[in-house]
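What the coordinates show
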Amino acid sequence: MSLEGKLALVTGGGRGIGRAIALKLASQGADIVINFFRRRDTAEQTAKEVQALGVKAEIIRANVGDPAKIDEMFGVIGDKFGHLDILISNAASGVGRPIMEVDVKAWEWTMDINTRACLLCSQRAARLMEGRGGKIVSLSSLGSFLVWPTYAVVGVSKAALEALTRYLAIELAPLGICVNTVAASFVETEALKFYFDEQLGKDKLPITPAGRMVTTEDVANVVAFLCSEEAFMIRGQTIIVDGGFSIYNPLSVLERKD
Amino acid sequence: MTIEEQIREIMARITHVDGSIIRRESTFKDIKADSLDVVQALVAVEETFGIEIPDEEAQKFQNFGDFVSYVENQVAQKEKV
């Protein structure tokens with residue numbers, strides 16, 4: 001699979017899953033625009049690692065929760081490159097609260113970044129993909145259908161993202177744009193440490209039927225596949241990368257009486 | 001308006017408290033600012049003054065005064081350049 005000569009924008013591409021995706025696409029020859037918001041240092045570091053793979057890297061600071069900043073970011077990409085081949089809508093945020101403590105501010109913050117940003121970035125990206133086709137891949141989460149404590153707003157935002165992916169897939173199909181989303185279970189990233197810091201002892205780590213946790217590279221591999229021509233006929237799907245976690249029946253531990 | 005007054009106004013707008021209760025020794029908790037409010041305040045202040053406040057610096061702010069001092073320093077440095 002070669003992405004030589006392609007240009008990819010990875011929102012939230014400085015760290016975690018976004019960084020792994022940026023590096024994976026770069027390793028296949030794509031030039032990378034790394035969007036970041038709060039951490040310039042990690043974005044610069046990732047850009048250096050991307051350049052070390054022999055492709056171009058740019059970093060653009062923008063809060064994707066702010067439509068004006070999305071416009072500015074795509075304005076820069078349009079002026080500088082004039083086109084885009086791949087959009088990875090990865091940047092995410094969220095407010096972890098029990099549902100009775102979710103207020104309007106927490107709701108809007110999360111939905112604006114996790115869901116609305118994908119719509120607005122896809123609209124802008126589609127214009128830059130005109131006449132050349134393209135790939136859009138967003139990052140969802142198992143929390144879109146599995147309930148976890150304090151994950152309500154993020155889970156809802158991801159469920160909406162998956163629905164949005166289906167609509168984008170159909171409505172952008174005539175433009176030659178493939179749209180899909182990748183949903184991962186717990187992935188070892190800084191974000192996971194941020195939310196579950198004190199519980200990250202080995203005995204509490206959720207182990208998958210595949211025998212280990214999902215890594216950022218596991219996710220990046222699937223995203224890269226969806227960006228390839230081999231995945232041309234996959235449209236509007238949510239591809240789950242969880243080592244079988246979500247289909248494992250916990251009652252399987254019971255021993256059957258003979 | 002001084003830098004301090006501008007930041008006070010931003011904090012008060014975001015946390016819906018009366019600006020007069022925000023003193024230099026006030027903690028974010030005193031101002032009823034949760035982590036989301038703090039991020040929003042950081043972004044608003046960054047845009048107002050054309051500076052960047054890295055998270056690792058923001059995490060060191062013990063109170064409103066630390067926040068103001070950091071911004072004052074950054075703005076002064078920017079003006080020198």
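The structure under discussion appears in the preceding block.
These numbers come from a predicted model, not from an experiment. (Residues numbered from 1 in each chain as written. Chains lettered and ligands numbered in written order. Predicted model: local features only at pLDDT ≥ 70, side-chain atom pairs only at ≥ 80, totals over all residues. Heavy atoms only, no water.)

Within chain A, the regular secondary structure consists of seven helices and seven strands. Counted from the first residue to the last, chain A has its helices and strands arranged as β-α-β-α-β-α-β-α-β-α-β-α-α-β. Relative to a compact globule of 258 residues, whose C-alpha radius of gyration would be 18 Å, chain A shows 18 Å and is just as compact. Taking the principal axes of its C-alpha atoms as reference, chain A extends roughly 65 × 40 × 35 Å. Relative to its full complement of 258 residues, chain A shows a buried share of 50%. (Helix = DSSP H or I, 4+ residues; strand = E, 2+ residues; numbered from the N terminus. Rg over C-alpha atoms; globule rule 2.2 N^0.38 Å. Buried < 20%, exposed > 50% of the residue type's maximum accessible area, 1.4 Å probe, protein only.)

Glancing now at the interface of chain A and chain B. In this assembly, twelve residues from chain A lie in contact with 14 residues from chain B. At the boundary of chain A with chain B, total buried surface from both sides reaches about 1,100 Å², with 45% on carbon and sulfur atoms. The largest contributions to the chain A side of the interface with chain B come from R38, K105 and W109 of chain A, which together make up 54% of the buried area. Our count for the chain A to chain B interface comes out at ten salt bridges. (Contact = heavy atoms within 4.5 Å. Buried area = accessible area lost by both parts, 1.4 Å probe. Salt bridge = Lys/Arg side-chain N within 4 Å of Asp/Glu carboxyl O.)

In this section: the packing of aromatic side chains. Taken as a whole and assessed by the stated rule, the structure comprises five aromatic pairs over all chains. Between F61 of chain B and Y70 of chain B, the aromatic rings sit 5.6 Å apart at their centres with planes inclined by 55°, giving tilted as the arrangement. Each member of the pair, F61 of chain B together with Y70 of chain B, is buried. Note that R235 of chain A overlies the ring of F232 of chain A, its terminal NZ or CZ placed 4.5 Å from the centroid. (Phe/Tyr/Trp six-rings, centres within 6.5 Å; stacked < 30°, edge-to-face > 60°. Lys NZ or Arg CZ within 6 Å of the ring centre and 35° of its normal.)

So, about the sheet that holds strand β2 (residues 31-36) of chain A. All names here are of chain A. The sheet built from seven strands is open, its strands ordered β3-β2-β1-β4-β5-β6-β7 with parallel pairing. What marks the edges here is a single partner per strand, and that holds for β3 (57-61) and β7 (238-241). Each strand axis lies, on average, 20° off the axis of its neighbour in the sheet, ignoring direction. Looking at chain direction, strand β5 (residues 134-141) and strand β6 (residues 177-184) are connected through eight bridges and run parallel. Its bridge partner lying in β6, S140 is registered against A183. Contacts from helix α2 (residues 40-52) reach β2 and β3, with the element oriented near 165° to β3. (Pairing = 2+ DSSP bridges. Axes fitted to C-alpha atoms, helices over the stretch in contact; angles between N-to-C directions.)

Residue and element names in this part refer to chain A. The end-to-end C-alpha separation of helix α1 (residues 16-27) is 17 Å, in line with the 16 Å expected for twelve residues at 1.5 Å each. Listed as buried for α1 are I17, G18, A20, I21, A22, L23, L25 and A26. Residues of α1 that are buried make contact with β1 (7-10), β2, α2, β4 (86-89), β5 and α7 (216-226). One or two residues past the end of α1 sits G29, with phi positive at roughly 105°. (Expected span 1.5 Å × (residues − 1).)

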